[in-house]
Each structure stands twice: as structure tokens, then as C-alpha cells.
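Take a look at the letters that make up each chain.
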Amino acid sequence: MTQTISRRHFMQAAAFAGTAGLSGVFPGMSFAQDGRKLTVRFNRDFDSLDPGFYVGGHPNNDVNWCCMPSLVHYGFRDGQATWIPSPFVESVVARDSTHIDFRLKQGLMWSNGFGELTTDDVAFSYERMTTSEWKSDYVAFDRVDIMDRYSGTIVLNQPFAPFMNTTLASGTGIILSRKATESVGGKFTTEAPATCGPYVYAWTQGQHVKLTRNPEWTGDAPYFDSIDALIVTEDDSAALAFEAGELDCTQISSEALARYKEKPPADSALTVAGALQYMWLGMNTEHPKLKDLRVRRAIQSAVDQASIIQGAYAGTAEASYGVVSPGLVGKRDSAGYSHDPGMARSLIEEAGASGLELTLRTLNNQERILAATIIQANLAEIGINVTVMPLDAGPFWEMGQESKGDTWKDLEIWIMRFGSGPDPYEPFQWFIRDQVGIWNWERWSSDEFEELFKMGIEEVDSNERAKIYTRMQEIMEETGAYVWLTHEPEVFIHRSDISAKFAPSGEMQLPYFSRT
Amino acid sequence: MTMDAVGTFRQRPEKLALLLKNKQGMIGFVLVVAFFLSALLAPFLATHDPAQLDIPARLTGPGADHWLGADQLGRDTYSRVLYGGRVALKVAAIGVTLSLVIGLTLGMVAGYGPRWLDNALLLLFDTIRSFPTIVLALAAVSLLGPSLNLILSIVIITSIPSYARLARTSTLALKNTEFIMAERSLGAGTFRILFRHVMPNVIGPLLILAAMDVPVVVTIEAGLSFLGLGVLPPTASWGTILNEGYLVIRTSPWPVVAGGIPLVLTTLGFTLLGEALRDIFDPKLRGIR
């Protein structure tokens with residue numbers, strides 16, 4: 001007997017299948033969470049796992065913390081973000097202000113036959129960092145004294161208060177295999193020559209990173225058998241994917257946060273990972289159009305921060321008054337200037353800069369473009385004509401770096417956002433004299449700032465550190481090169497039965513995720 | 001062919017009557033006229049400055065002050081849609097006109113000129129056609145940064161081969177006709193032959209193609225602006241209105257609706273009008289695109 005399928009039968013079957021899927025007849029079709037599988041979102045493709053020569057932050061750190069060892073991780077004590085011993089160590093103890101003793105767990109094996117994780121790998125990794133692009137994290141590092149195959153002592157050349165929190169616990173504290181790294185010439189990007197962690201990864205460029213249990217891992221087992229990190233660049237697409245059940249956890253935009261605060265999706269929870277992002281409008285103090293301090297001061301007074309927070313961030317971001325983020329020592333409660341278009345106009349007239357034409361460069365994403373549009377309107381009010389130039393991440397992150405071309409010479413004003421670790425030292429390292437042409441795109445320097453920077457590193461008293469970092473922000477502000485904008489919270493939405501752990505800098509600590 | 005052209009000229013009132021009787025053509029004609037009028041009269045029809053910020057009014061729905069609501073920065077969506085039409089009109093008018101003129105000229109030269117020149121121009125046309133417009137635009141924007149002039153240039157460059165190939169084919173068919181040979185034997189120069197005798201006979205199909213090309217050009221501009229690669233802030237374009245609206249669609253659907261409807265109606269209008277003109281003036285050209 002033969003059976004034919006008519007168009008009507010086909011349509012009926014398709015309609016049934018669609019209805020069944022939507023109504024939950026086949027629950028596996030409706031939600032990403034099945035078994036011990038987790039589906040999360042990366043908001044961009046990862047580009048390197050090499051802690052010495054990578055961009056840092058999400059998603060590179062997210063992958064690194066799954067597949068690579070480090071001595072400490074981020075955790076919380078008494079509600080405050082701080083470091084905790086990682087699953088790779090028996091113990092980590094700060095013996096005094098310049099000595100940190102550690103003992104690695106035995107039997108943790110590197111992949112690809114590169115042997116066991118040893119103290120020599122720790123020494124190699126940290127010594128390597130002192131000549132890397134992230135050497136400023138290791139400014140106080142002197143050496144690792146090797147006691148035996150598993151024990152050692154990190155020796156600092158001076159007290160360095162943020163060493164545990166902003167160096168060892170962050171992405172730059174990742175440990176590499178000496179043999180494996182040397183076998184590939186000392187550097188790598190997305191293909192780590194050897195991994196050692198609870199997960200191994202497989203990357204499909206532009207699509208996803210798949211993390212599966214490492215069969216060689218002998219440490220504490222993570223909860224999830226596999227984690228699929230889908231690369232979804234658009235925040236709103238990710239929010240839709242979460243609502244459709246395609247994602248278990250995703251970072252969300254300020255617009256979505258405002259919406260979810262009013263009406264959260266079913267079975268969901270919001271978690272604020274931290275607000276350690278600081279965004280500002282930067283100005284190139286060496287550019288002929290901006291050399292006059294009065295012009296820069298005018299721009300400071302012209303920009304309406306409140307409108308940016310409301311218009312571009314739906315009121316969900318916190319006002320910024322410096323580079324020190326909320327909750328950290330040295331956070332300021334106000335800036336030394338205020339929104340005063342009248343004063344800004346006077347300064348512009350005084351400087352003879354009316355009709356000035358400037359180019360404002362920004363990352364090509366919705367919130368930055370909206371912020372740029374508001375700044376453009378603000379500056380138009382004082383007689384400065386601004387052309388907004390949206391850029392993709394590649395050219396944007398290279399535009400102020402002398403090693404990446406000549407764009408830095410034409411750089412005028414830009415919207416920039418950095419993230420930091422949970423210590424106020426970290427943001428200041430990007431603005432010292434050595435960083436001019438690297439990350440100090442404003443291209444200024446100050447002897448007092450340099451001196452205070454050194455003092456801040458050695459000072460352990462919180463009150464004294466607060467004074468130092470407050471003064472440093474005042475110096476930055478007095479250059480006129482900064483208009484403080486926002487501290488954006490890193491907010492994630494996830495299934496309510498998922499216990500999600502995040503670094504205070506906003507990365508997902510995936511090995512610590514579990515389902516309750 | 002000359003007789004045909006003259007005949008076509010004499011029959012214009014009849015053709016117009018045919019257009020008026022054609023329902024789809026009439027709908028297209030009305031939509032196209034509405035598009036032109038709204039774009040040209042935008043400064044008079046707009047109720048607000050399209051770039052004027054009004055943050056407290058952000059994402060408000062339609063009302064007496066903002067007829068189509070306001071966007072994230074409180075800008076009046078109705079006014080932005082009207083001004084967005086001016087961008088679409090500018091790109092369509094300049095893009096299509098220049099493509100037509102350059103394509104027509106190059107096509108006639110290829111068809112009438114020596115074989116080696118024909119081959120060289122054909123190679124050039126085919127090379128340009130091998131680049132998908134959007135991909136070429138993305139590459140150019142990555143290198144040079146987004147701007148309306150860049151979009152225009154891309155549109156013109158990628159559209160020229162279509163016009164040129166059509167003009168070349170028609171010119172080749174005319175090249176050895178008796179009236180052209182007669183002109184040549186009477187000592188007429190190449191310029192005179194091409195622009196006095198060949199052009200009037202090949203331009204008809206190109207005009208129809210141009211009408212059909214307008215919606216393509218409008219959607220290319222809107223598409224690139226949607227991707228953030230087109231017009232720069234604060235210029236309003238239907239693509240940027242859609243992009244900004246899409247990200248807040250569940251908070252306020254009005255920007256997407258307001259940006260989408262004119263785009264749909266305009267492309268529909270030009271398509272219907274172009275198809276009607278094609279059917280009326282040259283039924284043989286059905287299916288050329």
C-alpha cells in the first residue's frame with residue numbers, strides 16, 4: 001500500500017508540530033536547560049587565551065577560567081568581592097605584604113601530553129607576564145621561589161595591595177604550561193597548546209564555544225556536563241533568545257533591564273555582577289584643536305550626563321565621577337565641574353573656538369551611539385560641530401595605539417569604556433606616563449600623578465588609599481581630558497533555578513554555575 | 001526603430017491613458033507621488049526638528065505632541081520619518097540617475113565602439129557585477145568609515161553594469177541598421193550618431209529599469225543604515241529609525257512601525273509603477289530583472 005502526503009496533510013502536521021512545540025508537549029524543544037547542559041551567551045567572539053597578549057575581560061576570561069589553572073579565583077566574603085583559593089591549589093596564604101605561599105594540588109595534568117601542573121609552570125607564567133602587554137599588573141612581582149614540585153612562594157619587590165584581587169584573581173593570573181607554550185614559540189591565540197581545567201573547549205569561529213568535561217580532570221567536578229556558549233553580539237537578540245528558552249543565561253542591555261525590572265520573564269532571575277565599568281568622553285590633549293585647556297573645560301561643562309544616563313541607558317546606569325567604580329576605595333560622589341552650558345559657551349568664546357569641528361569616535365553599538373548623539377547635541381549648543389564616527393571593535397580598540405598605525409594622530413574625542421577589577425589601583429594603571437600611546441589616549445602625564453600611583457601601590461591603609469585615589473582622579477579631571485559618564489552595571493538574566501557566579505568585572509565563572 | 005521611437009512619442013497620451021487604467025500602476029503612481037511630496041515638503045510637514053532631543057518624552061506613544069510617538073532620545077518619530085524620506089529620495093535620485101547616465105554612455109560606447117573596447121568594458125562590467133552590493137559596501141565602510149556619499153558611490157558603481165549591458169545590447173542591434181549606416185555615410189560623427197540617433201532608441205527600456213531600480217537602491221541605503229553603516233547621527237534615515245526601534249520594540253513598537261511602513265510603501269510603489277510602465281511601453285521586457 002502506498003501513502004501519499006497531500007499539501008493539506010503536510011500543513012496539518014506542521015501546524016500540529018508547531019503548536020506542540022509552543023505548548024510544551026515536547027519540553028526538550030522549549031527550553032535550553034536539559035540534563036546537566038547549560039547554554040549561555042558570549043557577546044563577542046573570543047580572540048585569545050594567552051593572558052599576556054589578549055584583550056582581557058569577557059569572553060576570554062570566561063573560557064580561561066574553565067580550561068586553564070590559576071592560584072585564586074574571585075569569590076565573595078561578607079558580601080564583598082574578594083579572592084578565594086582556586087580548585088587548583090591546596091592552599092594560598094599571604095604570609096606578609098611581600099610573600100605569598102602556595103601549594104598546588106597533585107595530579108593535575110596538562111592536555112596533549114605536557115605532563116603535570118607544577119610550580120615551575122607558575123614561575124614561568126608569572127615571569128613571562130613581566131614582559132607582556134599586561135606587565136603593569138606585575139609591576140611589583142619579583143620572582144617565584146620554588147620549594148618543590150608543588151610548593152612555592154611568590155615574592156614581591158614591594159608591598160602591592162591589589163596583587164591578589166587584580167592580578168592573581170583576574171585573567172592575567174592564568175598559569176600556562178612552560179613546555180607547551182615554548183613548543184609553540186612562546187605565544188598563542190585561540191589554540192592553547194595545553195589546557196588544564198574542569199573543561200576542554202572547542203571553538204567554531206563566530207558561532208559558539210563548546211565546553212565539555214575534561215576527562216583528565218581530577219579536581220572537584222563542576223555541576224554541568226557541557227556548556228554551550230553561543231556567540232550572540234546583539235543584546236536584544238540575546239534577550240529574545242533567553243525568553244524563547246534558547247539561552248539559560250545572558251548579559252542584558254540597559255533597555256532590557258528596565259523592561260525586566262517591570263515585568264520579568266517567567267522563571268528568571270536578575271543578577272548584578274558588578275558595576276566596575278567606567279565610561280568617559282576622552283579628549284586628545286595633544287591634538288591642535290584641543291590643546292587649549294579652555295576648550296576641554298568647555299566640553300566638560302557642556303555634556304549633560306543626566307540625559308545620557310536617561311536617554312542611552314534608560315536610567316539604569318550610575319553616574320560616574322571618576323575611574324573608581326562604586327563600592328571601591330576612592331570612589332568620588334561628585335565631579336569638579338557641572339553641566340553648565342552658559343559657562344561652556346563663555347569658555348569657547350574666550351578660547352576663540354566657536355565653530356570648532358570635531359570628530360567623535362565610538363563603538364558601533366546602540367547605547368554608545370545614543371550617548372554620542374546626546375553629546376553631539378550638547379556640543380552643538382556651545383558652537384562645536386561634532387561628526388559622530390561609529391567604528392567596529394577592531395579599528396576602535398586600535399585607534400589610539402601608536403603601535404597600530406597613525407590614527408592616534410587624528411584622534412580628537414571618543415567615548416571609551418574600561419572595566420576594572422575590584423581594586424582601585426587597576427583603573428589608574430592605564431593613565432600613567434608609560435601608557436601614553438598605548439591606553440592613555442588622552443596623552444597627558446603628571447609627575448604628581450606618577451608619584452601618587454607608586455604610593456597607592458604600596459599603601460595598605462584604606463583611608464590613605466582613598467585620599468590618594470581621590471587626588472589622582474582630581475588630577476585627571478584637571479587636565480580637562482575627561483568627561484565622566486557612567487558606571488554601567490553588568491546585569492545578567494538567568495533561569496531562577498540556576499545558581500550563577502560572576503566575577504566582579506562581569507565575566508561568568510562557569511565552573512561555579514549549578515542548578516538548584 | 002526610428003519609426004518606432006517616433007511612434008512611441010506620438011502615442012504617449014494613449015500610453016498615459018493605459019497607465020491610468022492599470023490599477024496596480026495607479027496605486028504605484030500614487031505611492032510614488034506621495035513619497036516625492038512627503039520628502040520634498042518634509043520641512044513644511046514636520047512638526048518638530050528631527051534632531052531635537054527631548055529626553056523626558058523618550059519612547060512615548062502617539063499623541064497630540066508626537067503623532068507617531070518619540071524614540072529613545074525623545075525625538076519626534078513622525079518628523080524623523082519624513083526627513084528619512086529625503087535621504088531615501090536623495091540616494092535614489094542621485095544614485096539611479098548617475099547610474100543610468102554613466103551606464104547608458106558606457107553601454108553605447110561598448111556596443112558601437114571597436115571590438116577590443118567592447119571586450120574591455122564587458123570585462124569591467126562583469127567584474128563589478130561579481131561583487132555583491134552589500135558585501136562591497138561592508139568592505140568599503142570598514143576601510144573608509146560610514147557616510148552617505150560612500151553609500152551613493154557604492155550604489156552607482158554596482159548599478160552601472162545593469163544599465164550598460166542593456167544599452168550595449170540595444171546598441172549592437174542598432175549598429176548596422178540602415179538609418180545608422182545612412183547617417184554614417186553622410187559623414188555624421190560618432191558622438192552625433194550615438195546621442196542623436198542611438199540614445200533615443202535605447203533609453204526606453206533603461207528608464208523602466210531605472211524605475212525598477214529605485215526600490216532596490218532605497219532598500220540598500222536603509223539596509224546599510226540599519227547596520228549602522230549608512231548615514232551618521234543625527235541624520236534620520238528609515239534604516240536608522242528601524243535599527244533604533246528594533247532594539248526597543250517591546251517597550252515601544254512605534255519607531256519600527258513608523259520606519260517600516262514608508263519603506264514598504266515606497267518600494268511597493270516603485271515596483272508597481274515600474275512593472276506597469278514595463279507592461280505598457282514594452283511587454284517584451286517582462287522578466288528582465
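Look a little higher up for the structure.
None of the values given here were measured: they were computed from a predicted structure.

Enquirer: Please provide a residue-by-residue account of the overall build of chain B, values included.
Expert: In terms of helices and strands, chain B carries 12 helices and 0 strands. Going from the N terminus to the C terminus, chain B shows its helices and strands as α-α-α-α-α-α-α-α-α-α-α-α. Projecting the C-alpha coordinates of chain B onto the three principal axes gives extents of approximately 75 × 50 × 30 Å. Taken over 289 residues, chain B has a buried fraction of 50%. Each charge sign in chain B was given a centre, from 23 positive and 17 negative side chains, and these centres are 7 Å apart.

Enquirer: Describe in detail the overall build of chain A, supporting the description with residues and values.
Expert: What chain A contains, in helices and strands, is 17 helices and 21 strands. For a compact globule of 516 residues, the expected C-alpha radius of gyration is about 24 Å, and chain A comes in at 25 Å, within 12% of that figure. Dimensions along the principal axes, computed over C-alpha positions, put chain A at roughly 90 × 70 × 45 Å. Within chain A, the fraction of its 516 residues that count as buried is 57%. Residue pairs at least 24 apart in sequence account for 69% of intrachain contacts in chain A once pairs closer than 6 positions are excluded.

Enquirer: Residues and numbers for the packing of helix 3 (residues 23-40) of chain B against helix 12 (residues 254-281) of chain B, please.
Expert: All names here are of chain B. Interaxial distance between helix 3 and helix 12 falls to 7 Å at its minimum, and their mutual angle equals 135°. Comparing the axis directions of helix 3 and helix 12 gives the class oblique. For helix 3 against helix 12, the interelement crossing comes out left-handed. On helix 12, the residues that touch Gln24, Gly25, Ile27, Gly28, Phe29, Leu31, Val32, Phe35 and Phe36 of helix 3 are Leu265, Thr266, Leu268, Gly269, Phe270, Leu272, Leu273 and Ala276. Its residues assigned to classes, the contact of helix 3 with helix 12 shows 12 nonpolar, 5 polar and no charged.

Enquirer: Hey, could you go over the packing of helix 10 (residues 305-313) of chain A against helix 12 (residues 366-381) of chain A for me, with residue numbers and the actual values?
Expert: Residues and elements named next belong to chain A. Put simply, helix 10 and helix 12 touch, their axes get as near as 9 Å, and they point 145° apart. Our pair here, helix 10 against helix 12, has a crossing hand that is right-handed. Every residue of helix 12 that contacts helix 10 at Ser307, Ile308, Gly311, Ala312 and Tyr313 is listed here: Glu367, Arg368, Leu370, Ala371, Ile374 and Ile375. Residues that form the contact of helix 10 with helix 12 fall into these classes: 7 nonpolar, 2 polar and 2 charged.

Enquirer: Can you explain the packing of aromatic side chains? Please cite residues and give values.
Expert: Residue and element names in this part refer to chain A. For the coordinates displayed, the defined rule picks out 42 aromatic pairs over all chains. Taken together, a centroid distance of 6.1 Å and an interplanar angle of 85° make the contact between Tyr126 and Phe141 edge-to-face. Here Tyr126 is found in helix 4 (residues 119-129), whereas its partner Phe141 is found in strand 6 (residues 141-146), with 15 residues between them in sequence. Of the two residues, Tyr126 and Phe141, neither departs from the other in class, the shared state being buried. On the basis of an interplanar angle of 90° and a centroid distance of 5.2 Å, the ring pair of Phe396 and Trp397 is categorised as edge-to-face.

Enquirer: Any chance you could break down a nonpolar patch on the surface for me, citing the residues and the numbers?
Expert: All names here are of chain B. On the surface, Phe29, Val30, Val33, Phe36, Leu37, Leu40, Leu41, Phe44 and Leu45 cluster together to form a nonpolar patch covering roughly 820 Å² of accessible area. Counting only elements with at least two residues in the nonpolar patch, the list comes to helix 3 and helix 4 (42-45). Considering every element that reaches the nonpolar patch, the biggest residue donor is helix 3, with 6 residues. Its location among the elements puts Val33 in helix 3. Looking at Val33, the relative accessible area reads 31%, which means it is partly exposed.

Enquirer: Explain the pattern of salt bridges residue by residue, including any values.
Expert: Residues and elements named next belong to chain A. According to the stated counting rule, one finds 36 salt bridges over all chains in the structure shown. Between Arg433 and Asp447 there is a salt bridge, with the nearest N and O atoms lying 2.7 Å from each other. With a gap of 14 residues between them, Arg433 in the loop between helix 15 (425-428) and helix 16 (447-458) and Asp447 in helix 16 connect regions that are remote in the sequence. What makes Asp447 exposed here is its relative accessible area of 57%. Within this structure, Glu448, Arg471, Glu474 and Glu478 form a network of salt bridges that share partners.

Enquirer: Account for the interface of chain A and chain B, with residues named and values stated.
Expert: Facing 24 residues of chain A, the contacting portion of chain B comprises 21 residues. Between chain A and chain B, roughly 2,000 Å² of surface is buried when both sides are summed, and carbon and sulfur atoms account for 56% of that area. Taken together, the connections running from chain A to chain B amount to 2 salt bridges. A salt bridge links A:Glu255 to B:Arg58; the shortest N-O distance between them is 2.9 Å. In this structure, the connection of chain A to chain B is made through 6 residue pairs in polar contact (both at pLDDT 80 or more). Breaking the side of chain A that touches chain B down by element, the ones donating at least two residues are helix 7 (235-243), helix 8 (254-262), helix 10, helix 12 and strand 16 (384-391) of chain A. No other element matches the 7 residues that helix 12 of chain A contributes to the side of chain A that touches chain B.

Enquirer: Kindly report on the side chain of A:Asn165, identifying the contributing residues and their values.
Expert: Residue and element names in this part refer to chain A. By secondary structure assignment, the location of Asn165 is in helix 5 (residues 163-168). A relative accessible area of 14% places Asn165 in the buried class. Engagement of the side chain of Asn165 in a polar contact is seen with the backbone nitrogen of Trp83, the distance being 3.2 Å. Setting aside residues up to four positions removed in sequence, Asn165 forms contacts with Tyr74, Thr82, Trp83, Ser170 and Pro422.

Enquirer: Describe the nonpolar core, listing the residues and the values that go with them.
Expert: Counting 140 residues, the largest nonpolar core has A:Leu71, A:Ile154, A:Ile299 and A:Phe431 as its most contacted members. By residue number, the principal contributor to this core is helix 12 of chain A, which donates 6 residues. Beyond its immediate stretch of four places on either side in the chain, A:Phe431 contacts A:Tyr278, A:Trp280, A:Val323, A:Phe418, A:Asn440, A:Glu442, A:Trp444, A:Phe449, A:Met476 and A:Tyr482. Counting residues in each nonpolar core, the second largest holds 55 residues, with B:Val91, B:Leu100, B:Ile193 and B:Val231 among its members.

Enquirer: Which residues make up unusual backbone geometry, and what values do they have?
Expert: Between A:His58 and the following residue, A:Pro59, the backbone shows a cis peptide bond with an omega angle of 0°. Structurally, A:Pro59 is set in the loop between strand 1 (37-42) and helix 3 (60-67). The residue after B:Pro233, namely B:Pro234, is reached through a cis peptide bond having omega 5°. Tracing the backbone shows B:Pro234 in the loop between helix 10 (190-226) and helix 11 (238-246). Even without being glycine, A:Asp267 reaches a positive phi, approximately 55°. Structurally, A:Asp267 is set in the loop between helix 8 and strand 12 (268-274). Here A:Asp267 falls in the exposed class, since its relative accessible area comes to 57%.

Enquirer: Got a sec to walk through the sheet that holds strand 16 of chain A? Specific residues and values, please.
Expert: Residue and element names in this part refer to chain A. Taken in spatial order, the 6 strands of this open sheet run 14-18-13-17-15-16, and their pairing is mixed. Where the open sheet ends on each side, the last strands, each with one partner, are strand 14 (318-319) and strand 16. In this structure, strand 15 (residues 356-363) lies alongside strand 17 (residues 413-419), joined through 2 bridges in parallel fashion. By the bridge assignment, Leu360 is partnered in strand 17 with Ile413. The sheet contacts of helix 12 involve strand 13 (277-283), strand 15, strand 16, strand 17 and strand 18 (482-487), and relative to strand 16 the element is tilted by about 170°.

Cut-offs used in this document
Residues numbered from 1 in each chain as written. Chains lettered and ligands numbered in written order. Predicted model: local features only at pLDDT ≥ 70, side-chain atom pairs only at ≥ 80, totals over all residues. Heavy atoms only, no water. Helix = DSSP H or I, 4+ residues; strand = E, 2+ residues; numbered from the N terminus. Buried < 20%, exposed > 50% of the residue type's maximum accessible area, 1.4 Å probe, protein only. Lys, Arg positive; Asp, Glu negative; His and termini not counted. Charge placed at Lys NZ, Arg CZ, Asp CG, Glu CD. Rg over C-alpha atoms; globule rule 2.2 N^0.38 Å. Contact = heavy atoms within 4.5 Å. Axes fitted to C-alpha atoms, helices over the stretch in contact; angles between N-to-C directions. Parallel < 35°, antiparallel > 145°, perpendicular 65-115°, else oblique. Left-handed = near helix turned anticlockwise from the far one by under 90°. Nonpolar A, V, L, I, M, F, W, Y, C, P; charged D, E, K, R; others polar. Phe/Tyr/Trp six-rings, centres within 6.5 Å; stacked < 30°, edge-to-face > 60°. Patch = residues over 30% accessible without salt bridge, like charges linked within 9 Å, V, L, I, M, F, W, Y side chains within 5 Å. Areas by Shrake-Rupley, 256 points an atom, 1.4 Å probe, with all protein chains shown as cover. Salt bridge = Lys/Arg side-chain N within 4 Å of Asp/Glu carboxyl O. Buried area = accessible area lost by both parts, 1.4 Å probe. Polar contact = N/O pair within 3.5 Å; in protein donor to acceptor, adjacent residues only side chain to side chain. Core = buried A, V, L, I, M, F, W, Y, C linked by side-chain atoms within 4.5 Å. Pairing = 2+ DSSP bridges.

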